[in-house]
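# Topology and contacts: notes
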Amino acid sequence: MATTTTLLPESRTESDGSAVVRVLSYNVRSMRDDTAALARVIGACAPDLVLVQEAPRFFRWRKKLARLAAASGQVILSGGGTAAGPALLCSLRATVERTEDVLLPLTPGQHRRGFATAVVRFGGARIGVLSCHLSLRKDERYAQGGMLLDRLAGMGVDHVVAGGDLNERPDGATFRRLADSLQDGWATTPWGGEYTSTPAAPRQRIDAVFASPGVEVLGCGVPTGLPGVTRADLAAATDHLPVLAALRVPAN
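Residues numbered from 1 in each chain as written. Predicted model: local features only at pLDDT ≥ 70, side-chain atom pairs only at ≥ 80, totals over all residues. Heavy atoms only, no water.

### Quick notes on the layout of surface pockets
Within this model, the largest pocket holds a volume of roughly 380 Å³. In terms of lining residues, the largest pocket is bounded by 22 residues, among which Ser30, Arg32, Glu54, Arg57 and His133 are the most central. Residue composition of the lining of the largest pocket, by class: seven nonpolar, eight polar and seven charged. Empty space within the second largest pocket amounts to approximately 250 Å³. (1 Å grid on protein atoms, 1.4 Å probe; cavity = no way out; pocket = protein on both sides within 12 Å on 5 of 7 lines; lining within 4 Å. Points joined across faces, edges and corners; volume = space filled by probe spheres on them. Nonpolar A, V, L, I, M, F, W, Y, C, P; charged D, E, K, R; others polar.)

What follows is the structure, encoded as structure tokens:
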């Protein structure tokens, strides 16, 4: 099991135009818990991109998401209510090319699902980004995994990162489907903790960050022990643990 004894690389732009980018994926449970603790965790991770799941999506959802972004040193990029829950936040380091919120087909009796997507640049590195929260139903989840891969392939960029709450462990069919086409960050370069659910007694990995093959994964995992990230805040913030990845994205 990996630990945080090695430092996760800081964000930076290299002389060749490539960029080291920190990506955080986090299910925030509609911000129904301790939002101050949530903002402290996000801020301490110093991410360039935050892939949010279960963002507020009903009454005054934009204001709630904006407050979280401001409190954690981010700005809203896309998603929220318009993507049925997934959202993207980013630091001012990002140059935004475009965003798109995608609603997935609705299965009667199930929750609406969607993707929050964007294309952004860091220095000379251009990257497509997608946040997802997949279905609790196995068949629907597998179909959504295929839609996710299709959406990434259609973004018109060489390098992509996707992350979210998969509602499935790594041995599941949908998780394997994604890992067959993309790099599973934890499996590629483990760092920090592995399990994301639940904060009180982590025992399963159902949240992940994936990157396309051309992206170098420098480290990925739950930021336990990261300076500024306390166990008390992780327990109070929401019912999932976050996944933090450092990625080197080539210039293009």
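### A word on the side chain of Thr238
Mapping Thr238 onto the fold places it in the loop between helix H6 (231–237) and strand E13 (243–249). In this structure the side chain of Thr238 is engaged in a polar contact, spanning 2.9 Å, whose partner is the backbone oxygen of Asn27. In this structure the side chain of Thr238 is engaged in a polar contact, spanning 3.4 Å, whose partner is the side chain of Asp239. Those residues in contact with Thr238, other than ones at most four positions away along the chain, are Tyr26, Asn27, Val28, Arg29, Asp33 and Pro199. (Helix = DSSP H or I, 4+ residues; strand = E, 2+ residues; numbered from the N terminus. Polar contact = N/O pair within 3.5 Å; in protein donor to acceptor, adjacent residues only side chain to side chain. Contact = heavy atoms within 4.5 Å.)

### With respect to the packing of aromatic side chains
Under the counting rule described, the total for this entry stands at one aromatic pair. Between Phe175 and Phe210 the ring centres are 5.5 Å apart and the planes differ by 65 degrees, which places this aromatic pair in the edge-to-face class. Note that Phe175 is positioned in helix H4 (residues 173–181) and Phe210 in strand E11 (residues 207–211), a separation of 35 residues in sequence. Like Phe210, Phe175 is buried. (Phe/Tyr/Trp six-rings, centres within 6.5 Å; stacked < 30°, edge-to-face > 60°. Buried < 20%, exposed > 50% of the residue type's maximum accessible area, 1.4 Å probe, protein only.)

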